[in-house]
Amino acid sequence: MVVATETYAYAAEPQPVRSRRRPKYRESDETGEMASNIMFDRRVVRGNTYAAQILPAEPLVETTGRPKKVVQTLKRASTPEPIDGRRHMDIQTDAYLEELTDTVPEAEISTQTDAFLDRPPTPRFIPMKTGVDAETQIKSGEIFDFDLEVEPILEVLVGKTLEQGLMEVLEEEELEAMRKHQENFEQIRNAELIATQRMEASEKRKEEEKQRRIDQEKQRLEREGQVRQKVAASSFARGFLDTVVEDVFADLHQAGHFYDPVEKEVSDTFLPWLLAETQSQLHGMEVSYNTAKSIVAAAIKKKLEQQQAA
């Protein structure tokens, strides 16, 4: 490798890049344009700024005085039409980017100034550029040898790759062993679960059979109790009915529900009639006796009175 012994020198002094557009400020040595007096510029408004302004009918002529040919030479060449599948986009290429919005920011303000004093427009804020522009040039082979410098990097990359691959293989083997162990454990657990379920089913059947036998025995005892109650009730009813029938017939006979028709006819019809006839006859006899007695008493009294009178 050949090392350069001579220092590099620039052929020209560095200078700022000129923009294709018109610069915002004039250079101090620029003499191509003539200065104009604003006292004779028609674009400057004189008098009251609040009054209506009358614009001239003819267009204003620029007084800055740049030739038309120069203006035409500064125009940018037209952009060719985009190919199929692509489209043009407007981008900013200035050193300082600014935010573009669809609406222009607006604000309403008011002020009161003297009639002959106009407030100059506020200059646009432009941030100051920081840093110092510098540049250098590096020839081939001055910084490092690629083959020599890349060897440790390749060793590290290959080593890390092999180590990572080995770790992944070990991890896969470990995962495979864990999977097999888990499958064996699942098989053992499933077998134990099946045996447990079989035992639970057997115990459940035994418990159900036991409960069914208990229910059957309860039903049998209940039926036997009902039969005993029925037998006792039947025997008690037979013993009770043997005396009840006689007592009932006796009570009914005493109450007059069972009678002899002739006797009832005699007692209910003949005897009352006989008594009534006898009473009527006795009453007639008593009346006759009393009448005869009164007649005899009257006759005796009259005879006594006659005897006394005689």
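About the criteria used
Residues numbered from 1 in each chain as written. Predicted model: local features only at pLDDT ≥ 70, side-chain atom pairs only at ≥ 80, totals over all residues. Heavy atoms only, no water. Helix = DSSP H or I, 4+ residues; strand = E, 2+ residues; numbered from the N terminus. Buried < 20%, exposed > 50% of the residue type's maximum accessible area, 1.4 Å probe, protein only. Contact = heavy atoms within 4.5 Å. Bend = angle between axes of the 7 residues up to and from the residue. Patch = residues over 30% accessible without salt bridge, like charges linked within 9 Å, V, L, I, M, F, W, Y side chains within 5 Å. Areas by Shrake-Rupley, 256 points an atom, 1.4 Å probe, with all protein chains shown as cover. Salt bridge = Lys/Arg side-chain N within 4 Å of Asp/Glu carboxyl O. Lys, Arg positive; Asp, Glu negative; His and termini not counted. Charge placed at Lys NZ, Arg CZ, Asp CG, Glu CD. Expected span 1.5 Å × (residues − 1). Phe/Tyr/Trp six-rings, centres within 6.5 Å; stacked < 30°, edge-to-face > 60°. pLDDT = per-residue confidence, 0-100.

Student: Would you mind going over the overall build of the protein with me for this structure?
Tutor: The helix and strand tally for the protein stands at three helices and zero strands. Listing the helices and strands of the protein from first to last along the sequence gives α-α-α. Relative to its 310 residues, the protein shows a buried fraction of 1%. Sequence separation of 24 or more characterises 50% of the internal contacts of the protein that already satisfy a separation of 6 or more.

Student: Would you take a moment to explain helix α2 (residues 146–255) for this structure?
Tutor: An α-helical segment advances 3.6 residues per turn. Residues three or four places apart therefore align on the same side. Approximately 30° is the largest bend angle found in α2, and it occurs at Leu241. Positive backbone phi, at 90°, marks Gly256, one or two positions downstream of α2.

Student: Is there a simple way to think about a nonpolar patch on the surface in this case?
Tutor: On the surface, a nonpolar cluster with roughly 620 Å² of combined accessible area is contributed by Phe236, Phe240, Leu241, Val245, Phe249 and Phe258. Classification of Val245 by relative accessible area gives partly exposed; the value is 40%.

Student: For this particular structure, what's the right way to read a negative patch on the surface?
Tutor: Taken together, Glu168, Glu171, Glu172, Glu173 and Glu174 make up a surface patch of like negative charges. Looking at the secondary structure, you find Glu172 in helix α2.

Student: Looking at this structure, I do not really get helix α3 (residues 261–309). What am I missing?
Tutor: Taking 1.5 Å per residue, 49 residues should reach 72 Å; α3 reaches 70 Å between its end C-alpha atoms and fits that length. Along its length, α3 shows its largest kink, about 35°, at Phe270, and proline Pro272 lies within four residues downstream of that point.

Student: Hey, could you run me through the packing of aromatic side chains in this one?
Tutor: To describe a pair of aromatic rings, one takes the distance between the centres and the angle between the planes. Scanning the model with the defined rule gives one aromatic pair in all. The interplanar angle of 40° and the centroid separation of 6.1 Å between the aromatic rings of Phe270 and Trp273 together place this pair among those described as tilted. Here the residue Phe270 and the residue Trp273 both occupy positions in helix α3, the gap between them amounting to three residues, near one helical turn. Judged by its relative accessible area of 41%, Phe270 is partly exposed.

Student: What should I look at first to understand the confidence of the model for the protein in this one?
Tutor: Detailed reading of the predicted coordinates is not advisable wherever pLDDT is low. Put simply, the protein has an average pLDDT of 79, and 78% of its residues get 70 or more. Within the protein, the element-level pLDDT minimum falls on helix α1 (residues 68–74), averaging 49, and the maximum on α2, averaging 90.

Student: Even after reading the chapter, I still don't get the pattern of salt bridges, so can you show me in this structure?
Tutor: Should the charged atoms of two oppositely charged side chains come close, the side chains can pair. Scanning all chains against the criterion turns up nine salt bridges. In this structure, Glu186 and Arg189 form a salt bridge, with 2.5 Å as the shortest nitrogen-oxygen distance. Of the two residues, Glu186 and Arg189 are both situated in helix α2; the distance of three residues between them amounts to about one turn of the helix. Accessibility expressed as a relative area gives 41% for Arg189, which makes it partly exposed.

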